[in-house]
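Close look at the chain arrangement
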Amino acid sequence: MAASSASVDPSQRALSSLYPAAFPHLNPLDKFRVAIADEISAITGVDGNLVFNSLDRFSSLSKGDLVLALPRLRLKNHPLPELARKVIAEFKQNEAARVEPPTADGVYLAFTFSPGELAPTLLPLVLRLRDAYGFNPNLGLRDPTDPAASKKTIIVKFSSPNITKKFHTGHLRSTIIGGFLSNLYKKSGYNVVRMNYLGDWGRQYGLLACGWKRYGDEAAFAQDPIAHLFDIYVKISADFAPKEDTFKAAGKHGEDTSVLESSGLFGKAKAYFKEMEDGNEEALELWRHFRELSIKRYQETYARLNIRFDVYSGESQVEKETMERAERILKERQIIEPTDGAWAVDFKKYGTKGLNVAIIRNRNGTSNYLLQDIGAAMQRDDKYHFSEMLYMVMSEQATHLNRLFKILSLMGDPYEAFSKKMKHITYSKVNGMSTQKGTIKFLDDVLADIGDFIHDVMRRNKQKYSNIENPDQTAEILSISAIMVQDMSGKRINNYDFDLERMTSFEGDTGPYLQYAHARLCSIFRKIDFTTDEMLKADFSLLSNSTYAIDLLRAIAQFPDIINHALKTLEPTTILTFLFKLTHKLSSSYEHLKVVEPPEGPAVSLARAALYDGVRQVLRNGMVLLGITPIDR
């Protein structure tokens, strides 16, 4: 069972007073950091905590385990080459955590852990913590050194589809990345609010209502509500297109568009939405019907992706009174002014480049997306008193969010204060997601295509296929793993090409390969029968003579630091890159570290089983963090 943050022993509390960021009972690297910091502090007179915080993990283990950039010690009048020579000459091994004497590379000192120290330090920690290994639940506390402190609240707003549209791959990136960030913060001890802010309000619902009257079919809606609403929206949008094109052209030429906006389908759609905002029960009843069944269908899709939400919010949930309160403040501070019958902000007045003029209240008196977002932010602060709010939105929405943040900052406190806690987590596009007809491809269709492809691959090995208890479920998990890994392989800001053949390969850094690596480890433990208690009693010194074993140990020792780094980058590829590096080391070790009846005898078998169980646990923890369900075979 995982140790809780509330069960920290007195020695940890004493250590926290010297090294507040040290958690050696959770992060094995911290044990070595403390030993190195103590020794360098004694040699140089520098504060040990400064040394501790300056010790970084090496991105390449070929160079060492930890690195210290000497300029970070801020020692004036000490030539750095001379300082390096002094530390190397006087450095002694600390009995609490043995580290090899450092080596110098310019102004950097490299530290490597003693091979015999790694296994007894690391493996008991991993095997005891299990699913909790790698994660520090103290980081989400208002005071990380006090286990009794309250948690910080973070809102992650992600996915947020429009209920007039089917769930397509344009929503997928936000959903996958948002799910990962929610897991990351939850595992780090935060109170996480997973929020799905649905596009469920606005003129498009007036247009949809008009479409329903023309094309709606209750039987088709009951069978597949989102698909039927999407079909209706496509048809009514086609009907509306000529009027919309005329409207846009008139606006571009500075012509009066009031007649266009009040006539025909344009006028009917705006009038219907006005009835919704004014509380017309007939209009709202149809809208509620659309919303409730759409959410139910979305929940089925999210369950397939291992995604859940705490709150299904939306534009419709922003209270009229809140928006009116926002408007009063904006008018009192002269932030908005009347513009052609509407109310708008001219950002040029505030020296803000690129934001131009933005309408807050439409000409016919209805609210718009920007005003709704201002009201939503105010309500969230009132309800959650959040420490941070993340908007998981495409880079194309940067202007809108910058306008939102700027308006809130202009409103003064408390709005200015919480606007500083709001952050845009951006991402870019998926290329190649169109069908032959040029329309966007929907997630259900994509998963079906990938599932069929992977199922065909699985059937090629009849013996292994016959051992799989539920082939359909396994193919589904592999399909989702394939999509998620391809999405998370690069940085969020980079576009990537949707490549069915590449993503479904069992070779290379793909989702199926990651699953294969985990399943292969699981297959070892179907051939041996060691309990965790037995592995904890293994003679770990038997691993110290194998470079393959040491390489695996050094890799999994870095996992807590990798998690901490991901909290800074907010990039899922930080975790994924680590997992693939680990699987590469694992693959090259099998021939040299046999577990089942090795010639070296049962004691070696037990020690290697503990090592592989530790690797399996780290691989599992990383996969679950990413939102991937590990398979055993």
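See the structure above.
Summarised in this report is the structure supplied together with it.

Now for the overall build of the chain. For the chain, the helix and strand inventory stands at 26 helices and 14 strands. Counting all 633 residues of the chain, 54% fall into the buried class. Within the chain, contacts between residues at least 6 apart in sequence are counted, and of these 71% link residues at least 24 apart. Just so you have it, the chain exposes about 28700 Å², and 49% of that area is on carbon and sulfur atoms. The centroid of the 80 positive side-chain charges in the chain is displaced by 2 Å from the centroid of its 78 negative side-chain charges.

Below, the discussion takes up the sheet that holds strand β9 (residues 342-346). Read across the sheet, three strands follow the order β8-β9-β10 without closing on themselves; strand pairing throughout is antiparallel. Edge positions in the sheet fall to β8 (336-339) and β10 (357-361), since each has one partner strand and no second. Neighbour-to-neighbour, the strand axes of this sheet turn through a mean angle of 45 degrees, independent of strand direction. Sheet strands touched by helix α13 (residues 320-332): β8, β9 and β10. Its angle to β8, the strand with the most contacts, is close to 90 degrees.

Let us now look at helix α21 (residues 511-524). In a regular helix each residue adds 1.5 Å, so 14 residues correspond to 20 Å; α21 covers 21 Å between its end C-alpha atoms and thus fits that length. Burial analysis of α21 places twelve of its 14 residues in the buried class, which makes it a mostly covered element. Residues of α21 that are buried: Gly-511, Pro-512, Tyr-513, Leu-514, Gln-515, Ala-517, His-518, Ala-519, Leu-521, Cys-522, Ser-523 and Ile-524. Close packing links the buried residues of α21 with α19 (471-488), α20 (500-503), α25 (572-589) and α26 (602-626). For α21, the capping residue at the N-terminal end is Thr-510, with a side-chain oxygen 3.2 Å from the backbone nitrogen of Tyr-513.

In this section: unusual backbone geometry. Of note, the amide linkage connecting Asp-413 to Pro-414 takes the cis form, showing an omega dihedral of 5 degrees. Considering the arrangement of structural elements, one finds Pro-414 in the loop between α15 (398-410) and α16 (415-419). With a phi close to 50 degrees, Ser-160 is a non-glycine residue in the positive phi region. Along the chain, the position of Ser-160 falls in the loop between β5 (153-157) and α6 (169-187).

Once that is clear, we can look at the packing of helix α9 (residues 225-252) against helix α12 (residues 281-304). Contact pair α9 / α12: the axes reach a minimum separation of 8 Å and the direction vectors enclose 125 degrees. In this view, α9 runs oblique relative to α12, as classed from their interaxial angle. Seen from α9, the contacting residues are Pro-225, Ile-226 and Leu-229; seen from α12, they are Phe-290, Leu-293, Ser-294, Arg-297 and Tyr-298.

Another point: the packing of α25 against α26. Close contact between α25 and α26 brings their axes to 10 Å; oriented N to C, the two are set at 155 degrees. The pairing of α25 with α26 is recorded here as roughly antiparallel in orientation. Crossing hand, α25 versus α26: left-handed. Two secondary-structure elements touch here, α25 through Pro-572, Ile-575, Leu-576, Phe-578, Leu-579, Leu-582, Thr-583, Leu-586 and Ser-589 and α26 through Tyr-612, Val-615, Val-618, Leu-619, Gly-622, Met-623, Leu-625 and Leu-626. Its residues assigned to classes, the contact of α25 with α26 comprises 14 nonpolar, three polar and no charged.

One pass over the full model with this rule turns up 27 salt bridges. Here Arg-194 ties to Asp-310 by a salt bridge, and the two come within 4.0 Å at their closest N and O atoms. Pair noted here: Arg-194 is in strand β6 (residues 191-198) and Asp-310 is in the loop between α12 and β7 (311-314), with a separation of 116 residues, a long-range link. Classification of Arg-194 by relative accessible area gives buried; the value is 7%. Asp-310 gets classed as partly exposed once you look at its relative accessible area, which sits at 38%. A cluster of three or more residues bridged by salt bridges with shared partners is formed by Asp-30, Arg-33 and Asp-561.

Conventions we followed
- Residues numbered from 1 in each chain as written.
- Predicted model: local features only at pLDDT ≥ 70, side-chain atom pairs only at ≥ 80, totals over all residues.
- Heavy atoms only, no water.
- Helix = DSSP H or I, 4+ residues; strand = E, 2+ residues; numbered from the N terminus.
- Buried < 20%, exposed > 50% of the residue type's maximum accessible area, 1.4 Å probe, protein only.
- Contact = heavy atoms within 4.5 Å.
- Areas by Shrake-Rupley, 256 points an atom, 1.4 Å probe, with all protein chains shown as cover.
- Lys, Arg positive; Asp, Glu negative; His and termini not counted.
- Charge placed at Lys NZ, Arg CZ, Asp CG, Glu CD.
- Pairing = 2+ DSSP bridges.
- Axes fitted to C-alpha atoms, helices over the stretch in contact; angles between N-to-C directions.
- Expected span 1.5 Å × (residues − 1).
- Polar contact = N/O pair within 3.5 Å; in protein donor to acceptor, adjacent residues only side chain to side chain.
- Parallel < 35°, antiparallel > 145°, perpendicular 65-115°, else oblique.
- Left-handed = near helix turned anticlockwise from the far one by under 90°.
- Nonpolar A, V, L, I, M, F, W, Y, C, P; charged D, E, K, R; others polar.
- Salt bridge = Lys/Arg side-chain N within 4 Å of Asp/Glu carboxyl O.

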